[in-house]
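# Summary of the model geometry
This is what each chain is made of:
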Number of protein chains: 2
Amino acid sequence: MSLFRPQVQQMEGYTPGEQPQESGWVKLNTNENAYPPSPRVLEAVQQTLSGRLNIYPDPLATEFRKAAAELFDVDPDWILPGNGSDEVLTILMRTFVDAGELVSAPYPSYTLYETLAEIQGARFQKIQLNPDWSWPDAAQSQIGESKILFVPNPNAPSGNRWSDEQLLSLIPARGVLVLDEAYGDFCDQPHRGELLKSEQGEKLIVTRTLSKSYSLAGIRFGFAVAHPDLISGMRKVKDSYNCNTLSLAAATAALKDQEWMQENTEKIRTTRRYLVEQLRKLGFEAVDSQTNFVWCTHADKQHERRYQELKQRKILVRYMKFSLTEGTLDGLRITVGTDAEIQHVLDALQEIG
Amino acid sequence: MSLFRPQVQQMEGYTPGEQPQESGWVKLNTNENAYPPSPRVLEAVQQTLSGRLNIYPDPLATEFRKAAAELFDVDPDWILPGNGSDEVLTILMRTFVDAGELVSAPYPSYTLYETLAEIQGARFQKIQLNPDWSWPDAAQSQIGESKILFVPNPNAPSGNRWSDEQLLSLIPARGVLVLDEAYGDFCDQPHRGELLKSEQGEKLIVTRTLSKSYSLAGIRFGFAVAHPDLISGMRKVKDSYNCNTLSLAAATAALKDQEWMQENTEKIRTTRRYLVEQLRKLGFEAVDSQTNFVWCTHADKQHERRYQELKQRKILVRYMKFSLTEGTLDGLRITVGTDAEIQHVLDALQEIG
């Protein structure tokens, strides 16, 4: 007899990208930002250290919510802070989805959605995207009874972005649409929650992370933006003290230094264009990415070999493989690092052939 | 039609103790440690700040688990780190308890267990303790089908500690016993997971926090210690990156400075004895506490008035009220602060009458 819930007993568990703890790697596998966070973040943490770590953080995250609310031009009760946007996704699942209910997501996409649905005991349905990453015509009818449809906006691992009309057409009749905007700041035209203010906005939840555009994967901070009616339910599920004093200070300072974030994302956009262009010259098909990574495939299908040979050169990229209704799709997802890192991986790819 | 799960729609949500954000309060309401954390904690965070916050933390928390394992004289695969021990409790619920299954806890006790059971859609059963905080004779039969029995060891809000034999007798036939040892380091004879190594230890999980004895409520860090078979299931449920780079560094440094923690807990034990003695002189009944707080009641039952009058003097203690099968139990839970703070609250109580 297992003591675990049957779901937990059966499941594999999510496997995060490799995180080598020793130095010397060119790490282009988990979409971290190659540039450091704002110096104001470090100052804010320093200042907090001289304060009182022996007392609990502000359970209302007042300062952080104020800063995030300003950025999205909403009231602070539209904001829910999380210990990484992964925690926000967990909170969403526990707020909206009962065991046996349906959760959907496009496919290929972020694989954590399925893991979280499994843990919750929900049914999970993949909506297979067309080969050009567009939605199938029958998308809306497939979404059907979903309590949550998770849609990365822009998508991962492809990096493409769908139109606002497309996204709004996907809102489930009896559930909510979660736009996972982990990479939203990297778009050529970054979005700022405009869809939340549309007529259908009351059934929309936007999630954001500070891991990517703000260069703060190490502090684990994300947040949700949604109508206060939705946030109020999520707040009941969230741990009172889910964000710590240091990460709250860091996140607030990061949001307040928009200039720093925008300079870095602009650099990344420039490097991204170069990477896409060069990958195509090397014979790859590469998606016009709106994120800080590029998805590429090669007609010769030797993606896994290239991944391995790059790894031997201490360059980590992400090799991904997806089972489709017919056959499989595999390819390489390369994080847009610094110019030097990208030149390094391009030179290596040329060498490897 | 509500979009929320029925459980979430119906529940009130957990109310944490008051956390005034302005200064000037004598804060004896949420069992924080009046003394600062080890200077080595601050050094460790400083050092981490000069490192790379733009990359993800170590998902295996290798250094932290090594330090915690040494402390409990087990292998690192006995340790699961959490974003506060509250998160560990959530992970336990999601690992072991399906909707409709039974969760039990003594009563009065920590009220978060019930909130977490509600969120999970579990049935929750209070096992009412005797007026002297001992277990009722029928405890074992009441535990019955429980998947988890949560037992604070020592208990809150009473501060009493039960014998090892008593605790081992409570292990549910088809579930696990969780010993929530948030206050374990404050015992006259602190425990270090000895029960885990007993014959029944494979169905035991010990949870620990750094919020109390290590003076680190601000960094949100807790952990579980249990047989690797149990930890392996919990690991599937945990977010990969639930602990951040700064809190991991802080927690590891804190565990490594045992001397600092022990000096502080010893001071608190001394102050605690004085507080209990003086409360009794003022006409209160006070439990011989094994924690960093003291539960006291007065024959005149005017606990709420005293709470309010203390609050007017900017002294926060916790007023608590529990519905029993017959009548109610209310009283004051006073955190053992510094000698000066405790003298201050005692003087105020004398004045208030």
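As the structure is a prediction and not an experimental result, all values here were calculated from the model.

For the pair chain B and chain A, the relating rotation is 180°, the translation along its axis is 0.0 Å, and the fit reaches an RMSD of 0.0 Å. Such a combination of rotation and displacement between the chain copies is what one expects of a two-fold axis. Of the interface residues in chain B, 100% have counterparts in chain A that sit at the interface too, so the contact is made through matching surfaces.

Let's shift gears to the pairing of strand E11 (residues 315-323) of chain A. For a regular strand, side chains alternate in direction, first toward one face of the sheet and then toward the other. All names here are of chain A. Judged by how many residues are buried, E11 sits mostly within the fold: seven of nine residues are covered. One ladder, built from three bridges, connects strand E1 (residues 26-28) with E11; its direction is parallel. In the sheet register, Lys 27 faces E11, and the bridge partner there is Leu 316. By the bridge criterion, six bridges tie E11 to strand E12 (residues 328-335) in an arrangement that is antiparallel. Paired with Lys 321 across the bridge in E12 is Asp 330. Linkage of E11 to E12, two consecutive antiparallel strands, is achieved through a turn of four residues, within which Gly 327 is found at a positive phi near 75°.

Let us now look at the interface of chain B and chain A. Listed per partner, the contact involves 72 residues of chain B and 72 residues of chain A. Taken together, the connections running from chain B to chain A amount to two salt bridges. Residues Asp98(B) and Arg5(A) are paired through a salt bridge, measuring 3.1 Å at the closest nitrogen-oxygen approach. Where chain B meets chain A, there are 39 residue pairs in polar contact (both at pLDDT 80 or more). Elements represented by at least two residues in the side of chain B that touches chain A include exactly helix H1 (6-10), helix H2 (39-49), helix H4 (85-96), helix H5 (112-120), helix H8 (228-237) and helix H9 (245-256) of chain B. When its residues are assigned to classes, the side of chain B that touches chain A shows 32 nonpolar, 24 polar and 16 charged.

In this structure, Phe64(A) and Phe64(B) are the most contacted members of the largest nonpolar core, which totals 113 residues. Sequence-distant contacts of Phe64(A), that is, excluding residues within four places in its chain, are made with Ile79(A), Pro81(A), Phe221(A), Phe223(A), Leu248(A), Ala251(A), Thr252(A) and Leu255(A). Ranked by size, the runner-up nonpolar core spans 62 residues in total, among them Val8(A), Val103(A), Val237(A) and Val237(B).

As a further point, take the sheet that holds strand E2 (residues 79-82) of chain B. Residue and element names in this part refer to chain B. Here we have seven strands laid out as an open sheet, ordered E2-E8-E7-E6-E5-E3-E4, and mixed in their pairing. Every other strand in the sheet has two partners, leaving E2 and strand E4 (123-128) as the edge strands with one partner each. Geometrically, the sheet is characterised by an average inter-axis angle of 20° between neighbouring strands, direction not taken into account. Inspection of the sheet shows strand E5 (residues 148-152) paired to strand E6 (residues 176-180) by five bridges, in the parallel sense. Bridging from a neighbouring strand, Ile 148 pairs with Val 176 of E6. Lying on the sheet, H4 is in contact with E2, strand E3 (102-107), E5, E6, strand E7 (204-209) and strand E8 (222-226); it crosses E7 at an angle near 155°. Set on the sheet, H5 makes contact with E3, E4, E5 and E6; between it and E4 the angle comes to about 160°.

Thresholds applied
Residues numbered from 1 in each chain as written. Chains lettered and ligands numbered in written order. Predicted model: local features only at pLDDT ≥ 70, side-chain atom pairs only at ≥ 80, totals over all residues. Heavy atoms only, no water. Least-squares fit on C-alpha atoms with pLDDT ≥ 70 in both. Contact = heavy atoms within 4.5 Å. Buried < 20%, exposed > 50% of the residue type's maximum accessible area, 1.4 Å probe, protein only. Helix = DSSP H or I, 4+ residues; strand = E, 2+ residues; numbered from the N terminus. Pairing = 2+ DSSP bridges. Salt bridge = Lys/Arg side-chain N within 4 Å of Asp/Glu carboxyl O. Polar contact = N/O pair within 3.5 Å; in protein donor to acceptor, adjacent residues only side chain to side chain. Nonpolar A, V, L, I, M, F, W, Y, C, P; charged D, E, K, R; others polar. Core = buried A, V, L, I, M, F, W, Y, C linked by side-chain atoms within 4.5 Å. Axes fitted to C-alpha atoms, helices over the stretch in contact; angles between N-to-C directions.

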